[in-house]
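Letter by letter, the chains look like this.
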Amino acid sequence: MLAPVAFAAAPTLEDARKFLDDAERTLLKVSVDAGHADWVEATFINYDTDILSSQADDRALEESIRLAREATRFDHLKLPPEMARKMMLLKLGLVLAAPSDPALREEVSKLAVSLQGTYGKGKWCPPEKQCLDIEDITRVMANSTNPTELLNAWAGWRTISPPMRKDFARLVDLSNRGARELGFKDTGAMWRAKYDMPPDEFARELDRLWDQVRPLYVSLHAYVRWKLREKYGDIVPANGPIPAHLLGNIWAQDWTNTYKLAAPANADPGYDLTEILKSRHIDQVGMTHYAENFFKSLGFAPLPKTFWERSLFVKPRDRDVVCHPSAWDIDYVEDVRLKACLDITGEDFYTVHHELGHNFYQRAYDRQPFLFRDSANDGFHEAIGDTIALSVTPAYLVKLGFIREEPDASKDIGLLLNKALEKVAFLPFGLMIDQWRWKVFSGEIPPDKYNQAWWELRRKYQGIAPPGPRSEADFDPGAKYHVAANVPYMRYFLADILQFQFHRALAKIAGCTEPLNRCSIYGNQEAGRRLNAMLEMGLSRPWQDALFELTGAREMDATAIREYFAPLQKWLDEQNRGKPVGW
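The paragraphs below set out a description of the structure included in this document. (Residues numbered from 1 in each chain as written. Predicted model: local features only at pLDDT ≥ 70, side-chain atom pairs only at ≥ 80, totals over all residues. Heavy atoms only, no water.)

1. As for the layout of surface pockets
Next up, step 1: There is about 260 Å³ of room inside the second largest pocket.
Next up, step 2: Around the second largest pocket, the lining residues are Phe300, Ala301, Glu334, Phe360, Arg363, Ala364, Asp366, Arg367, Asn532 and Glu536.
Next up, step 3: Looking at the lining of the second largest pocket, the elements with two or more residues in it are helix H14 (346–364) and helix H21 (525–536).
Next up, step 4: No other element matches the 3 residues that H14 contributes to the lining of the second largest pocket.
Next up, step 5: Along the lines of polarity and charge, the residues of the lining of the second largest pocket split into 4 nonpolar, 1 polar and 5 charged. (1 Å grid on protein atoms, 1.4 Å probe; cavity = no way out; pocket = protein on both sides within 12 Å on 5 of 7 lines; lining within 4 Å. Points joined across faces, edges and corners; volume = space filled by probe spheres on them. Helix = DSSP H or I, 4+ residues; strand = E, 2+ residues; numbered from the N terminus. Nonpolar A, V, L, I, M, F, W, Y, C, P; charged D, E, K, R; others polar.)

Have a look at this one:
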């Protein structure tokens with residue numbers, strides 16, 4: 001085990017300052033080393049890179065645990081606000097707080113890398129057919145309207161996760177032990193403590209936000225269920241949960257691929273972004289340049305040359321990689337990168353705007369002390385790129401020369417429905433992933449109820465059901481990257497709330513007087529200046545202060561989503577009149 005920490009009887013302010021300076025230097029070094037190793041593991045998945053990544057992660061974890069424990073030495077010393085915040089962040093900076101025992105800590109690192117590697121290498125191999133990876137299955141789910149083919153692909157992807165179940169349960173146990181060593185009830189309580197408010201208060205805040213948006217989701221759910229029933233018949237119930245395999249997405253978290261079935265009559269805006277990109281022979285790097293140019297139009301500096309040299313834009317043909325898009329900050333200064341297996345589609349055009357939002361945020365706070373080089377809360381990081389993507393409007397496409405003129409406002413219902421199938425449909429999924437994990441960490445959901453509880457929560461929040469019987473021989477949560485990779489998920493729910501709040505504030509700064517869904521801040525440097533002022537703060541202040549910097553409010557507010565989709569809500573309620581609503 002780690003040597004016991006020798007606490008001085010009466011630590012001084014100078015002791016605390018020196019400790020923090022040393023801690024930041026140490027964490028920067030081990031984080032950079034781990035970043036390089038993790039990048040190689042994610043882009044060259046094999047036996048050796050798994051080991052190297054695990055070793056680097058273990059070194060970083062060991063130092064993080066040691067420093068978190070030593071920070072308790074200063075618990076009773078009155079510190080200036082900046083130093084007190086750094087001490088708090090040292091304790092809350094761990095995602096998996098492994099036990100201090102070296103053997104158990106090493107086991108945590110190996111389990112974490114193994115789970116992510118299993119996911120990254122996951123393939124479904126139908127009898128006597130070519131094996132399909134996640135990209136192949138994604139395309140089947142997006143394009144097929146054959147319910148048998150969809151069912152087979154949906155169930156096929158979930159064959160990758162049962163082998164994860166035992167390792168996941170072990171990781172839950174070990175991470176809980178580590179969290180308790182740091183003074184938390186369990187890992188879930190530690191995750192919830194990272195939001196500048198008491199954990200229980202944060203949980204109530206999520207309920208408040210969900211209550212604000214739930215009526216819009218229920219209306220969308222009822223309309224989509226009706227349209228799917230028109231297409232597929234009785235396999236879609238008239239007034240129950242929607243079968244998960246029919247929503248165009250492996251996890252039923254994004255319903256945009258049902259738009260072709262649900263689109264309003266005469267709502268075609270007259271353009272197809274995917275076709276525009278392909279007709280102009282815009283490749284994956286070209287799409288990324290368009291996203292970069294958006295940020296440049298707001299006054300942000302161009303991405304460094306190394307970004308273009310070191311990023312992964314296209315899935316390699318010769319090796320396994322983790323294709324899930326992600327933005328990396330290797331050295332916490334200039335070595336930012338994108339890792340994605342981009343397709344030439346309108347969807348990935350939005351995706352690359354999202355990911356570059358992370359990279360530009362990372363660059364904005366790179367002059368902060370190391371412990372503050374992060375977003376105000378993790379939802380902020382996810383929200384920034386999506387905020388920019390909300391400005392990818394027809395007006396923006398006109399400015400790019402992609403289309404000749406904006407469609408008439410009468411076409412907005414179709415555009416709003418398409419956006420709602422992505423954004424609104426996602427909200428309950430974003431909420432329930434960590435609701436499930438928090439209950440797993442607390443023991444409320446034991447290992448022999450993992451799958452049952454998973455589907456109970458999906459029904460409660462999403463109104464979604466599995467297309468056939470599932471049992472505890474399955475481990476459906478592990479078929480989602482963020483569960484396999486132990487990435488907290490509440491950030492995505494918060495991002496879905498915050499991006500509309502940010503967009504509303506930026507649109508006002510830019511002087512937009514049109515309906516919120518028609519506003520684009522492209523080219524408005526005052527909006528960029530205000531945005532950058534918030535981004536530069538990093539994690540140096542509570543998120544409420546960062547939110548106030550841009551919006552003038554200190555509370556997250558989902559009314560911006562309701563405002564953005566107000567015309568659609570009215571239209572949905574008209575379409576649903578006389579039909580079952582809810583499940």
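We are not done yet, so read on.
2. Details of H21
Next up, step 1: With 12 residues, H21 ought to run about 16 Å at 1.5 Å a step, and its terminal C-alpha atoms sit 16 Å apart, in line with that.
Next up, step 2: Those residues of H21 that are buried lie in contact with H14, helix H15 (378–390), helix H20 (490–509) and helix H22 (543–551).
Next up, step 3: You can read the cap of H21 off the contacts: a side-chain oxygen lies 3.2 Å from the backbone nitrogen of glutamate 526, and it is on asparagine 524.
Next up, step 4: After H21 finishes, the residue glycine 538 shows a positive phi value of roughly 55°. (Expected span 1.5 Å × (residues − 1). Contact = heavy atoms within 4.5 Å. Polar contact = N/O pair within 3.5 Å; in protein donor to acceptor, adjacent residues only side chain to side chain.)

3. So, the nonpolar core
Next up, step 1: Core analysis: the biggest nonpolar cluster contains 175 residues, and Leu220, Trp255, Phe380, Trp436, Phe493, Leu494 and Phe565 have the highest contact counts within it.
Next up, step 2: Of all hydrophobic cores here, the second largest spans 19 residues; its members include Met83, Met87, Phe370 and Leu371. (Core = buried A, V, L, I, M, F, W, Y, C linked by side-chain atoms within 4.5 Å. Buried < 20%, exposed > 50% of the residue type's maximum accessible area, 1.4 Å probe, protein only.)

4. Observations concerning the side chain of aspartate 557
Next up, step 1: Structurally, aspartate 557 can be placed in the loop between H22 and helix H23 (559–564).
Next up, step 2: A polar atom in the side chain of aspartate 557 sits 2.8 Å from the side chain of threonine 559.
Next up, step 3: With residues up to four places along the chain from it excluded, the contact list for aspartate 557 reads Leu209, Gln212, Ile497, Gln501 and Arg504.

5. Section: the packing of aromatic side chains
Next up, step 1: All told, the structure shown has 41 aromatic pairs when counted by the stated rule.
Next up, step 2: Judged by centre distance (6.2 Å) and plane angle (50°), the rings of phenylalanine 349 and phenylalanine 402 are tilted. Of this pair, phenylalanine 349 sits in helix H14 while phenylalanine 402 sits in the loop between helix H16 (394–400) and helix H17 (412–442), placing them 53 residues apart in sequence.
Next up, step 3: Overall, phenylalanine 349 belongs to the buried group, its relative accessible area being 0%.
Next up, step 4: Classification of phenylalanine 402 as buried rests on a relative accessible area of 6%.
Next up, step 5: Ring centres of tyrosine 564 and phenylalanine 565 lie 4.9 Å apart, and the angle between their planes is 65°; on these two criteria the pair is classed as edge-to-face. Note on accessibility: tyrosine 564 and phenylalanine 565 belong to one class, buried.
Next up, step 6: For the cation-ring pair, arginine 319 lies above phenylalanine 44, with the distance from its terminal atom to the ring centre recorded as 3.8 Å.
Next up, step 7: Just above the ring of tryptophan 251 sits the side chain of lysine 480; from NZ or CZ to the centre is 4.3 Å. (Phe/Tyr/Trp six-rings, centres within 6.5 Å; stacked < 30°, edge-to-face > 60°. Lys NZ or Arg CZ within 6 Å of the ring centre and 35° of its normal.)

6. Structural notes on the environment of leucine 427
Next up, step 1: Here leucine 427 lies in helix H17.
Next up, step 2: For the pair leucine 427 and glutamine 212, spaced 215 residues apart in sequence, the C-alpha to C-alpha distance is 11 Å.
Next up, step 3: Setting aside chain neighbours within four positions, we find leucine 427 in contact with Trp210, Val213, Phe493, Asp496, Ile497 and Ile561.

7. Looking at the pairing of strand S5 (residues 336–339)
Next up, step 1: Residues Val336 and Leu338 of S5 are buried on one face, and the alternating residues Arg337 and Lys339, pointing to the opposite face, are buried as well.
Next up, step 2: Relative to S5, strand S4 (residues 326–329) runs antiparallel, the two sharing 4 bridges. Looking across to S5, one finds that tryptophan 328 is bridged to arginine 337. (Pairing = 2+ DSSP bridges.)

8. Considering the packing of H21 against H22
Next up, step 1: Two elements in contact, H21 and H22, have axes separated by 9 Å at closest approach and are oriented at 170°. Classified by the angle their axes make, H21 and H22 are roughly antiparallel. Listed contacts from H22 to Arg530, Leu531, Ala533 and Met534 of H21 are Ala546, Glu549 and Leu550. (Axes fitted to C-alpha atoms, helices over the stretch in contact; angles between N-to-C directions. Parallel < 35°, antiparallel > 145°, perpendicular 65-115°, else oblique.)

9. Brief notes about the packing of helix H2 (residues 47–71) against helix H4 (residues 102–120)
Next up, step 1: Contact geometry of H2 with H4 gives a least axis separation of 9 Å together with a crossing angle of 135°. Comparing their axes, H4 and H2 come out oblique. Our pair here, H2 against H4, has a crossing hand that is right-handed. Of the residues in H4, those in contact with Asp50, Ser53, Ser54, Asp57, Asp58, Leu61, Glu62 and Ile65 of H2 are Arg105, Glu106, Val108, Ser109, Lys110 and Val113.
Next up, step 2: A class-by-class count of the residues in the contact of H2 with H4 yields 4 nonpolar, 3 polar and 7 charged. (Left-handed = near helix turned anticlockwise from the far one by under 90°.)

10. Structural notes on the state of the cysteines
Next up, step 1: Within this structure, the stated rule accounts for 3 disulfides.
Next up, step 2: There is a disulfide in this structure between cysteine 323 and cysteine 341, and the S-S distance comes to 2.1 Å. Measuring handedness by torsion sign, the sulfur bridge of cysteine 323 and cysteine 341 sits at about -80° and is left-handed. Highlighted residues: cysteine 323 in the loop between helix H13 (305–310) and S4 and cysteine 341 in the loop between S5 and H14, separated in sequence by 18 residues.
Next up, step 3: For cysteine 323, a relative accessible area of 8% translates into the label buried.
Next up, step 4: The exposure class of cysteine 341 is buried, given its relative accessible area of 8%.
Next up, step 5: Each sulfur of the disulfide joining cysteine 512 and cysteine 519 lies 2.0 Å from the other. Sign of the S-S torsion, about -85° for the bond between cysteine 512 and cysteine 519, identifies this disulfide as left-handed.
Next up, step 6: Taking relative accessible area as the criterion, cysteine 519 reaches 2% and is therefore assigned buried.
Next up, step 7: Each bonded cysteine of the protein chain is numbered by sequence order, and under that numbering the disulfide pairs are 1-2, 3-4, 5-6. (Disulfide = S-S within 2.5 Å.)

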